[in-house]
Every structure is written in structure tokens, then in C-alpha cells.
Amino acid sequence: MASIERTAYPRFKRYYTVNELDKIYTPTRIEIAFALKVTAGEENYFNLLVLLKVFQRLGYFPQITDIPLAIINQIRTVLDLQEDRSFSYQYPSTLSRHKKAIRSYLQVSPFNQKGKALITAVITESALRMDNPADLINVAIEEVVKERYELPGFNTLDRLVNHLRKEVNQRIFSQVISQLNPEDIQRLKDLLDNYAAVERSPYNDLKKLPQKSSRNHLNDLIVHLTWLETLGEIAPYLQGLTRAKIKHFTYKLQQ
């Protein structure tokens, strides 16, 4: 699972400065007019504006209980409401109506199968060039925002990226394997056979890293390089792969 901190997925901050609250979470006159037009009563008016400002920043509707009190207090103060005016939704149907009104006002579509198809295409294409799950999630986020869809949950994006990334990598593996002749395949299998005297295979030697600079180690390195050259040239099999993909596969082999 990718770490959300390594992605551009929008989240609430732990702390907001007065300037941030004023700049980001102050409803405009047009937004206030919109809220007054589509709601009845002070409670609904207040609730909708909190949801609107939060959605504008995040691109999705968070859990009501996750909205920081600092943001709620900021909007309550700007609207000149009583301090005891709470932010809560007693009826799910009201919350649903408010979400629908906000999407319409901002001209944003709920994430659906069409939206999923769009990011599936862009993730699949991007996975041919990059491999870091966080980078692929960021590509998906950019596409969702560009196409004016509501952001899906982070776990939804993470699962989709992992699934598509595995599919793309498997196709790459199959493409490389299809180019190998029987002799190449046998040579690779031989790398996995342990030496007779020790529980160690040539594959372990293949992953061996250079040691500190010394004459003896330099001689060992020359012997190792000569052996590697006997395995044949692999560049033709990797044509079309980006350096990022090759670097990732190499890292996995070294683990």
C-alpha cells in the first residue's frame, strides 16, 4: 500500500494559521447567496457552506466528524452565527441533497464507472514509464481533477493502481520471456541451481555488490565482470523499457 503522505492526495492539515483559515475557508458573497438559495433555515445554510468550502479544498466529501473544528469555527464566525450553532447532519437525506447541490454548483461529477475508465487508461499508460505507486496515484489524481470528477477514496485509488501496475508489469515480463530461446531460458534456470559445495547459487553471485577499493577486490571485480559477460547481452530484450522501470526491476532482484 502506498503511503498517503508520499502522494498529492488532499488531506486536512493538523494545524491552520489564521491567514490560511481566512484565505481558504472564508465563503464569498456569491457562495453565501448560493447557500441561501438552496437551503432553508440557519442550520442547513451553515452546514452547506462548511461542506462547500471543504470540498473546494479537498475535491471530495470527508467524513463529517473528520472536519477540523478550526474550519467550522472560522466559517461560523464569518457568517456571524451564534457560538452554539453546531455543525452536524441529523438526516442522511439532507446531507445527500447538499452534496448533490454542491456538485452541481461546482460542475463536478461524482466518481463513477466512466471516471474509473478514464483513470484506468491513464494509469495503464503511465505504468509503462514509471513504477512508483505514489507517482501513479498522483497521475490518477491529476486526471480526475482535470476531468472534473469528485476524487474517490485514497484506498480505492491505491487498490486500482496496484492492480493495474501488476498487470502492466506482468505484460512486460511476458514480452521479455517471449523473446528468449530455449538456450537463454536454460541459462537463466542454471543461475538458480546451488553450487555443489555450498548453499549458494550463481544467482546470488549475480546480485553481488562491489566491495571497497583494493587491488584484490579489483581483481575479483574483473573476474566477476568476465563471468557476467558470458551471460550474453540483455539490452535487446529490454528495448522499449524506461530507465525507471529497469531500475525498479533491478532493485527487486537485489532484495
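All values derive from a computational prediction rather than experimental measurement. (Residues numbered from 1 in each chain as written. Predicted model: local features only at pLDDT ≥ 70, side-chain atom pairs only at ≥ 80, totals over all residues. Heavy atoms only, no water.)

J.: Account for the side chain of serine 126, naming residues and giving values.
T.: Relative to the helices and strands, serine 126 is located in helix α6 (residues 113–126). A polar contact of 2.8 Å, which involves the side chain of serine 126, links it to the backbone oxygen of valine 122. Discounting chain neighbours no more than four positions away, the residues touching serine 126 are Leu136 and Val139. (Helix = DSSP H or I, 4+ residues; strand = E, 2+ residues; numbered from the N terminus. Polar contact = N/O pair within 3.5 Å; in protein donor to acceptor, adjacent residues only side chain to side chain. Contact = heavy atoms within 4.5 Å.)

J.: Hey, could you go over unusual backbone geometry for me, with residue numbers and the actual values?
T.: The bulk of non-glycine residues show a negative phi, and the bulk of peptide bonds are trans. In the Ramachandran plot, glutamine 107 falls in the positive-phi region, its phi being about 55° despite a non-glycine side chain. Note on placement: glutamine 107 falls in the loop between α5 (92–106) and α6. Overall, the relative accessible area of 62% leaves glutamine 107 in the exposed class. A positive phi angle is found at arginine 148, which is not glycine, with a value near 60°. (Buried < 20%, exposed > 50% of the residue type's maximum accessible area, 1.4 Å probe, protein only.)

J.: Provide a residue-level description of the packing of aromatic side chains, including the pertinent values.
T.: One pass over the structure, following the stated rule, counts 7 aromatic pairs. Consider the rings of phenylalanine 34 and tyrosine 105, whose centres lie 4.1 Å apart with planes at 15°: the pair is stacked. On the criterion of sequence distance, the pair formed by phenylalanine 34 in helix α2 (residues 29–38) and tyrosine 105 in helix α5 is long-range, its members being 71 residues apart. By relative accessible area, phenylalanine 34 is classed as buried at 12%. Arranged with centres 4.4 Å apart and planes meeting at 35°, the rings of phenylalanine 55 and phenylalanine 61 form a pair that is tilted. Taking the relative accessible area as the measure of exposure, phenylalanine 55 reaches 3% and is therefore buried. Among the aromatic residues, ring-to-ring pairing joins Tyr9, Tyr60 and Phe154 into one connected group. (Phe/Tyr/Trp six-rings, centres within 6.5 Å; stacked < 30°, edge-to-face > 60°.)

J.: I'd like a description of a nonpolar patch on the surface, backed by residues and values.
T.: Side chains of Leu218, Leu221 and Ile222 sit close together on the surface and give an oily, nonpolar patch of about 270 Å² of accessible area. Along the chain, leucine 221 falls in helix α11 (residues 215–229). (Patch = residues over 30% accessible without salt bridge, like charges linked within 9 Å, V, L, I, M, F, W, Y side chains within 5 Å. Areas by Shrake-Rupley, 256 points an atom, 1.4 Å probe, with all protein chains shown as cover. Salt bridge = Lys/Arg side-chain N within 4 Å of Asp/Glu carboxyl O.)

J.: Please give an account of helix α8 (residues 154–178) that cites residues and values.
T.: Count 3.6 residues to each turn of an α-helix, and residues three or four apart come out pointing the same way. Compared with the 36 Å implied by 1.5 Å per residue over 25 residues, the 36 Å span of α8 between its first and last C-alpha is a close match. Taken as a whole, α8 has its buried residues at Phe154, Leu157, Asp158, Leu160, Val161, Asn162, Leu164, Arg165, Val168, Asn169, Ile172 and Val176. (Expected span 1.5 Å × (residues − 1).)

J.: Describe the nonpolar core, and please don't skip the residues or the numbers.
T.: Among the nonpolar cores identified, the biggest contains 53 residues, and Phe46, Val50, Ile102, Ile119 and Ile123 are the most heavily contacted of them. Those elements that place two or more of their residues in this core are α1 (18–24), α2, α3 (42–58), α4 (69–78), α5, α6, α7 (133–146) and α8. Broken down by element, the residue count for this core peaks at 10 residues, all from α3. (Core = buried A, V, L, I, M, F, W, Y, C linked by side-chain atoms within 4.5 Å.)

J.: Can you tell me about the environment of histidine 98, naming the residues and giving the values?
T.: Relative to the helices and strands, histidine 98 resides in helix α5. Among the residues examined, histidine 98 registers a relative accessible area of 5% and is labelled buried. Not counting the four nearest positions on each side in its chain, histidine 98 is found in contact with Thr39, Asn44, Asn47, Leu48, Leu51 and Tyr89. At a separation of 2.6 Å, a polar atom in the side chain of histidine 98 contacts the side chain of tyrosine 89.

J.: An account of α6 is requested, with residue identities and associated values reported.
T.: Between its terminal C-alpha atoms α6 stretches 20 Å, which fits the 20 Å expected from 14 residues at 1.5 Å a residue. Turning to α6, its buried residues number three or more, namely Gly115, Ile119, Val122, Ile123 and Ser126. All buried residues of α6 lie within an arc of 100° about the axis, which places them on one face of the element. Away from the buried face of α6 by more than 90 degrees, exposed residues Gln113 and Lys114 are located. (Arc of directions from axis to C-beta.)

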